[in-house]
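Given next are the chains, with one letter for each unit.
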Amino acid sequence: MNEQIIARHWLALITPKAAPAIATSTVLILARIWNANGAEHSLGNAVLMTALSLAAAAAGVCASVGRAGDAVIAGTAFAASGGLALAGVAGYADGLSLPLLLWVLTTAIAYGLAARYWRTDRRDRVAYERHVSDRREERAHIERVETIRGTTQIEVARTGSAYAEQLAQALVTRAALPGFDPRALETAGLPSLHAADTFQE
């Protein structure tokens, strides 16, 4: 069974692992740009970001405790809430120490949550690969058994054909001998040799 080998680029392998740090770093950079453009100590901007963060958190709570309990929507809403809170603090604060501290905490929390999904994904992938491997081994075993059975049937048919040819040749040769009486063979209990009778007639 020929399998296609797919070699993934190293960037494709690293990007999912770097996604939480890239996301939180992007929020921090944009918030500091916003801070430099007038958000520092702006009470209206702080109230806006707080309201948006609380709204996102409330949406996450509703999604997680709702009847459907959609984990993807809840996780997205909580991530948005954390990002908005980080952006609000980083945009409002005048120094870099508090935004950097919040960035480190947010990144650590993001990696903690992502690690759980990575473990689940890895378990599912390993289970799928085991299932596929078991199916391949089972199919390979069935193919080997069928190949052996087919080869045996071909050999039996070939041997039977060769035996029939040798028997026919022996009958023809025996019938050509002088004094051959096919009826004597029949009286001895052997099968009738009509081909030999025909040959003699």
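Structure: see above.
Conventions adopted
- Residues numbered from 1 in each chain as written.
- Predicted model: local features only at pLDDT ≥ 70, side-chain atom pairs only at ≥ 80, totals over all residues.
- Heavy atoms only, no water.
- Helix = DSSP H or I, 4+ residues; strand = E, 2+ residues; numbered from the N terminus.
- Contact = heavy atoms within 4.5 Å.
- Areas by Shrake-Rupley, 256 points an atom, 1.4 Å probe, with all protein chains shown as cover.
- Core = buried A, V, L, I, M, F, W, Y, C linked by side-chain atoms within 4.5 Å.
- Buried < 20%, exposed > 50% of the residue type's maximum accessible area, 1.4 Å probe, protein only.
- Axes fitted to C-alpha atoms, helices over the stretch in contact; angles between N-to-C directions.
- Parallel < 35°, antiparallel > 145°, perpendicular 65-115°, else oblique.
- Left-handed = near helix turned anticlockwise from the far one by under 90°.
- Nonpolar A, V, L, I, M, F, W, Y, C, P; charged D, E, K, R; others polar.
- Phe/Tyr/Trp six-rings, centres within 6.5 Å; stacked < 30°, edge-to-face > 60°.
- Lys NZ or Arg CZ within 6 Å of the ring centre and 35° of its normal.
- Expected span 1.5 Å × (residues − 1).
- Salt bridge = Lys/Arg side-chain N within 4 Å of Asp/Glu carboxyl O.

Focus on the overall build of the chain
Step number 1: In terms of regular secondary structure, the chain is built from six helices and zero strands.
Step number 2: Moving toward the C terminus, one meets the helices and strands of the chain in the order α-α-α-α-α-α.
Step number 3: Taking all contacts inside the chain whose residues are at least 6 apart in sequence as the whole, residues at least 24 apart take part in 63%.
Step number 4: Carbon and sulfur atoms make up 65% of the accessible area of the chain, which amounts to about 14900 Å² in all.

Examining the nonpolar core
Step number 1: Grouped together as the largest cluster of nonpolar side chains are five residues: Leu28, Ala31, Met49, Ala87 and Ala90.
Step number 2: Looking at this core, the elements that each hand over two or more residues are helix H1 (10-39) and helix H3 (71-92).
Step number 3: Other than its neighbours up to four places away in sequence, Ala31 contacts Ala87, Ala90 and Gly91.

Details of the packing of helix H2 (residues 43-65) against H3
The relative placement of two packed helices comes down to the angle between their axes together with the axis-to-axis distance.
Step number 1: Direction vectors running N to C along H2 and H3 enclose 165 degrees, while the axes themselves pass 7 Å from each other. One element, H2, and the other, H3, form an angle in the roughly antiparallel class. Taken as a pair, H2 and H3 cross one another with a handedness that is left-handed. In this structure, H2 contributes Leu43, Ala46, Met49, Leu52, Ser53, Ala56, Ala57, Ala59, Gly60, Val61, Ala63 and Ser64 to the contact, and H3 contributes Ile73, Ala74, Ala77, Phe78, Ala80, Ser81, Leu84, Ala85, Ala87, Gly88 and Tyr92.
Step number 2: Broken down by class, the residue content of the contact of H2 with H3 amounts to 18 nonpolar, five polar and no charged.

Some thoughts on the packing of aromatic side chains
Step number 1: Applying the stated criterion across every chain, the model contains one aromatic pair.
Step number 2: When the ring of Tyr111 is compared with that of Trp118, the centres are 6.2 Å apart and the planes differ by 65 degrees; the resulting orientation is edge-to-face.
Step number 3: Given the relative accessible area of 28%, Tyr111 is considered partly exposed.
Step number 4: The aromatic ring of Trp118 is capped on one face by Lys17, whose charged end is 4.1 Å from the ring centroid.
Step number 5: Directly above the ring of Tyr117 sits Arg116, whose terminal nitrogen or CZ lies 5.9 Å from the centroid.

A few points about H3
Step number 1: Spanning 22 residues, H3 covers 31 Å between terminal C-alpha atoms, matching the ideal 32 Å at 1.5 Å per step.
Step number 2: When we look at burial in H3, the residues that qualify are Ala74, Ala77, Ser81, Gly83, Leu86, Ala87, Gly88, Ala90 and Gly91.

Section: the pattern of salt bridges
Step number 1: Here the structure, examined in full by the defined rule, presents three salt bridges.
Step number 2: Here Glu146 ties to Arg149 by a salt bridge, and the two come within 2.9 Å at their closest N and O atoms. Linking Glu146 with Arg149, this pair stays in helix H4 (residues 97-175), spanning three residues, or about one helical turn.
Step number 3: The shortest N-O distance in the salt bridge between Glu155 and Arg158 comes to 3.0 Å. With Glu155 and Arg158 both in helix H4 and three residues apart, the pair spans about one turn of that helix.
Step number 4: In this structure Glu155 comes out as partly exposed when scored by relative accessible area, which is 38%.

Quick look at the packing of H3 against H4
Step number 1: Contact pair H3 / H4: the axes reach a minimum separation of 9 Å and the direction vectors enclose 170 degrees. Here H3 lies roughly antiparallel to H4, going by the angle between them. Only Leu98, Pro99, Leu102, Trp103, Thr106 and Tyr117 of H4 make contact with H3, whose side of the interface consists of Ala71, Leu86, Val89 and Ala90.
Step number 2: When its residues are assigned to classes, the contact of H3 with H4 shows nine nonpolar, one polar and no charged.

As far as function goes, none of this settles anything; it's purely spatial.
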